[in-house]
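Read off the chains here:
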Amino acid sequence: MAGALDRRPVFELLNGKSPEEIFGELPTPCYVIDEKGLRRNGEILASVMANTGCKILLAQKAFSNYDFYPLLSEYLSGTEASGLYEARLGAEEMPGKEVHVFCGAYRDDEFDELLKYADHIVFNSPSQLKKFGAKAKNCGKSIGIRINPECSTQEGHEIYDPCAQGSRLGTTREMWNQQMTEEAVDMLDGLHFHTLCEQDSDALEITVQAVEEKFGDILPRIKWLNMGGGHHITRSDYDIARLERVIGHMQEKWKVEIYLEPGEAIALNAGYLVSRVLDVTKNGEICNVILDTSAACHMPDVIEMPYMPPLHGADENGSLPFEFRLGGPTCLAGDIIGDYSFEKELKTGDLLLFGDMAIYTTCKNNTFNGMSLPDIWKRSQNGKFSRLTEFGYSNFKIRLGKEKVYIYE
């Protein structure tokens, strides 16, 4: 989702070479996660923790490629999960680090197992807190509740706005006043809010003011405050100094430990999707290019957000002489990545390199239309490539029923 906001570091690894020179030997489509990019982001986040004393967690909903958890554990305090499986993944693959979990509603048949993995458990509503809070507390867990400060600071992306009108996420002050008992408040160790999406620290500052206005009477009673995700801390133009001032203000005024749990910031501009042109056709004035990758299957946020991912050597504004509409090979008419212009005409076999493809891709992709999942590759600090996955037909079939073995002559 972040690609359109900051292009400067996206393709820096090319160092003047063409994508074909660097990625040409890789089978397509494939994701490439750049170890150097992850370390760059980790160093920025670690500096914020060192300067403020806050803790930063990996929100696994945006990036859950656990082969890189040992690397990220050098910089981060732990993981944040949205449910049982992510909590288990964080506990298994980043051992010794904190595991936080928030879920809109917990299942009775999963909660006991969840208690094995999570250190901090955040509830979405007073009713969920009352139902599960005592059990979690008795198991020694740190308990929090998600609040909704009803302060929307983003425009145009309501699907990603937890403060949108009628949001199901978080407890509003009205709901708090109606449903929270003194016994329930006494169980709490912390408050959690998550309101941002790909935003700068000015939006956080506005949100914090709303939190203080609506929940200032509760803040003195808690030990920690989780400011959620959506912070684009590793973007080159992000105002880190303002972020650190906001953190310091809350620490000093309310004597709370501060957590942040960005997902995008951790893997921002640290991944690529490599694809090749399968066919070029023309319908009226539109030149359609069919790629071996799909927006619907391999980069779903392109359609959901929607946005156009950065593409090496291309422009979105039609400033270059040759214009093409890039799409996938599926039967979905709307499987469109976007309209780009190029210096040269595209032809069958050309390699295209999309940037910022580490976040919300490998954890959200799917096999609609029987599309194969792209393999995931690592590009190490020394520029060497190594394959991390090898997907095939069985990965498509196993999701749909009991797998059988057929022998073909």
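Just above sits the structure.
Residues numbered from 1 in each chain as written. Predicted model: local features only at pLDDT ≥ 70, side-chain atom pairs only at ≥ 80, totals over all residues. Heavy atoms only, no water.

(A) Up close: the overall build of the protein chain. Counting its regular elements, the protein chain contains 14 helices and 17 strands. Its C-alpha atoms put the protein chain at 65 × 55 × 45 Å along the principal axes. Counting only residues that meet the buried cut, the protein chain has 56% of its 409 residues in that class. In the protein chain, the share of contacts with a sequence separation of at least 24, taken over all contacts with a separation of at least 6, comes to 68%. Accessible surface, the protein chain as shown: approximately 18,300 Å² in total, 47% of it carbon and sulfur. Considering the protein chain, the positive charge centre built from 42 side chains and the negative charge centre built from 62 side chains are found 4 Å apart. (Helix = DSSP H or I, 4+ residues; strand = E, 2+ residues; numbered from the N terminus. Buried < 20%, exposed > 50% of the residue type's maximum accessible area, 1.4 Å probe, protein only. Contact = heavy atoms within 4.5 Å. Areas by Shrake-Rupley, 256 points an atom, 1.4 Å probe, with all protein chains shown as cover. Lys, Arg positive; Asp, Glu negative; His and termini not counted. Charge placed at Lys NZ, Arg CZ, Asp CG, Glu CD.)

(B) How the structure looks around the side chain of Thr 362. Tracing the sequence through the fold places Thr 362 in the loop between β15 (351-355) and β16 (375-379). Of the residues examined, Thr 362 reaches a relative accessible area of 17% and is grouped as buried. A distance of 2.8 Å separates the side chain of Thr 362 from the side chain of Asn 65, its partner in a polar contact. In contact with Thr 362, other than residues within four places in its own chain, are Tyr 31, Asn 65 and Ile 376. (Polar contact = N/O pair within 3.5 Å; in protein donor to acceptor, adjacent residues only side chain to side chain.)

(C) Expanded view of the pattern of salt bridges. One pass over the full model with this rule turns up 24 salt bridges. One salt bridge connects Asp 109 with Arg 107, and the closest N-O pair in it is separated by 2.7 Å. Given a relative accessible area of 48%, Arg 107 falls into the partly exposed group. With a shortest N-O distance of 2.7 Å, Arg 325 and Asp 339 are connected by a salt bridge. With Arg 325 in strand β13 (residues 322-327) and Asp 339 in strand β14 (residues 336-342), the pair connects residues that are 14 residues apart, well separated along the chain. Owing to a relative accessible area of 34%, Asp 339 belongs among the partly exposed residues under this scheme. Connected through shared salt-bridge partners, Lys 55, Glu 98 and Glu 257 make up one network. (Salt bridge = Lys/Arg side-chain N within 4 Å of Asp/Glu carboxyl O.)

(D) Region of the structure containing the packing of aromatic side chains. Going through the model one piece at a time under the given rule, you end up with 13 aromatic pairs. Centroid distance Tyr 106 to Phe 111: 5.5 Å. Interplanar angle 70°. Geometry classified as edge-to-face. Taken as a pair, Tyr 106 and Phe 111 share a single burial class, namely buried. Grouped by ring-pair contacts, the aromatic residues Phe 11, Phe 23, Tyr 272 and Phe 385 constitute a single cluster. (Phe/Tyr/Trp six-rings, centres within 6.5 Å; stacked < 30°, edge-to-face > 60°.)

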